[in-house]
Amino acid sequence: MADKAGEGQYVTFSLDDECFAVPVEVVREILDHQDVFRIPHGPDYLLGLRDVRGQGVPIIDLRLRLGMSATQKTLHTRVLVIDVPLAGRMLTLGLVADRVHEVASFQATGIEGAPDIGVRWPSDYIAGVVRRETDFVVIVNLARLFDDSDAKSLTGIGQKQVEMA
């Protein structure tokens with residue numbers, strides 16, 4: 001992520017009209033959206049498996065994972081193949097995004113914490129918020145978004161476990 005004294009690079013993408021970002025170093029590749037092999041009895045946000053360079057990768061509808069409506073496939077729909085470090089292993093996932101925009105640099109000093117709205121809400125997946133001229137970018141903390149129970153569930157569906165060095 002961002003080095004505290006400098007800046008970090010992030011891949012920005014949209015879900016509906018909202019802009020999100022993940023650290024560029026976790027993004028393995030960005031693919032066009034294709035149909036997946038459906039897995040019965042998986043979590044609602046799990047669309048299925050897709051072959052990515054010989055590896056069965058679980059494909060996640062990030063909109064559903066964040067409590068939004070399901071993704072409607074368009075010409076701009078993309079899949080970000082990411083590596084999420086969880087509990088001493090690496091979990092490879094494909095995140096469906098409505099559109100991928102760019103790699104953007106954000107200064108560490110410009111990244112604010114999740115906003116306090118006075119009530120408890122599930123904001124622990126927010127690593128930070130960046131204010132831009134016309135909007136905000138929510139930086140996603142993938143390790144918090146996909147906790148250990150998700151990792152065990154998704155790993156059991158064909159995800160290869162890799163011990164972290």
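Everything numeric here is computed off the predicted structure, so don't read it as measured data.

Some thoughts on the packing of aromatic side chains
Evaluated as defined, the whole model comprises 2 aromatic pairs. Plain terms: the ring middles of Phe13 and Phe20 are 6.0 Å apart, the flat faces sit at 20° to each other, and that makes the pair stacked. For the residue pair Phe13 and Phe20, the accessibility class agrees, reading buried in each case. Between Arg65 and the ring centre of Tyr45, over which it is positioned, the NZ or CZ distance is 4.9 Å.

Quick notes on the sheet that holds strand E9 (residues 111-112)
Pairing is mixed in the open sheet, where 6 strands are placed in the order E8-E1-E2-E11-E10-E9. The outermost strands of the open sheet, each flanked by one partner alone, are strand E8 (99-107) and E9. As paired strands, strand E10 (residues 126-131) and strand E11 (residues 136-140) are joined by 5 bridges and run antiparallel to one another. Following the sheet pairing, Val130 is matched in E11 by Val137.

Topic: the pattern of salt bridges
Close approach of charged atoms allows side chains with opposite charge to pair. Evaluated as defined, the whole model comprises 7 salt bridges. Between Arg63 and Asp98 there is a salt bridge; the shortest N-O distance is 2.7 Å. With Arg63 in helix H1 (residues 62-65) and Asp98 in the loop between strand E7 (89-97) and E8, the pair connects residues that are 35 residues apart, well separated along the chain. Here Arg63 falls in the buried class, since its relative accessible area comes to 9%. For Asp98, a relative accessible area of 14% corresponds to the buried category. Salt bridges sharing common partners tie together Glu102, Arg132 and Asp135.

Notes on the nonpolar core
Core analysis: the biggest nonpolar cluster contains 28 residues, and Phe13, Val22, Leu80, Ile82, Leu142 and Phe146 have the highest contact counts within it. For this core, the secondary-structure elements that each account for two or more residues are strand E1 (7-15), strand E2 (18-23), strand E6 (78-86), E7, E10, E11 and helix H2 (142-145). What Leu142 contacts, discounting residues up to four positions off in sequence, is Val22, Val26, Ile82, Val84 and Leu95.

Structural notes on unusual backbone geometry
Although it is not a glycine, Asp16 adopts a positive phi angle of roughly 60°. In this fold, Asp16 is placed in the loop between E1 and E2. Look at Asp16 and you get partly exposed, because its relative accessible area is 45%. We note that His41 has phi near 65°; this positive angle belongs to a residue other than glycine.

Some remarks on the pairing of strand E4 (residues 46-52)
Judged by how many residues are buried, E4 sits mostly within the fold: 6 of 7 residues are covered. Looking at chain direction, E4 and strand E5 (residues 55-61) are connected through 6 bridges and run antiparallel. Bridge pairing in E5 places Gly48 opposite Ile59. Counting the residues in the hairpin turn of E4 and E5 gives 2 residues, including Arg53, whose phi is positive at 55°.

Quick look at the confidence of the model for the protein
With 80% of its residues at a pLDDT of 70 or more, the protein has an overall mean of 83. At the level of individual helices and strands, the protein shows its lowest average pLDDT in strand E12 (residues 162-163), which scores 38, and its highest in strand E3 (residues 27-32), which scores 96. Ignoring residues within four places in sequence, the model shows residues 158-165, a span with pLDDT below 50, making 20 contacts including any to other chains.

Reading the values: the criteria
Residues numbered from 1 in each chain as written. Predicted model: local features only at pLDDT ≥ 70, side-chain atom pairs only at ≥ 80, totals over all residues. Heavy atoms only, no water. Phe/Tyr/Trp six-rings, centres within 6.5 Å; stacked < 30°, edge-to-face > 60°. Buried < 20%, exposed > 50% of the residue type's maximum accessible area, 1.4 Å probe, protein only. Lys NZ or Arg CZ within 6 Å of the ring centre and 35° of its normal. Pairing = 2+ DSSP bridges. Helix = DSSP H or I, 4+ residues; strand = E, 2+ residues; numbered from the N terminus. Salt bridge = Lys/Arg side-chain N within 4 Å of Asp/Glu carboxyl O. Core = buried A, V, L, I, M, F, W, Y, C linked by side-chain atoms within 4.5 Å. Contact = heavy atoms within 4.5 Å. pLDDT = per-residue confidence, 0-100.

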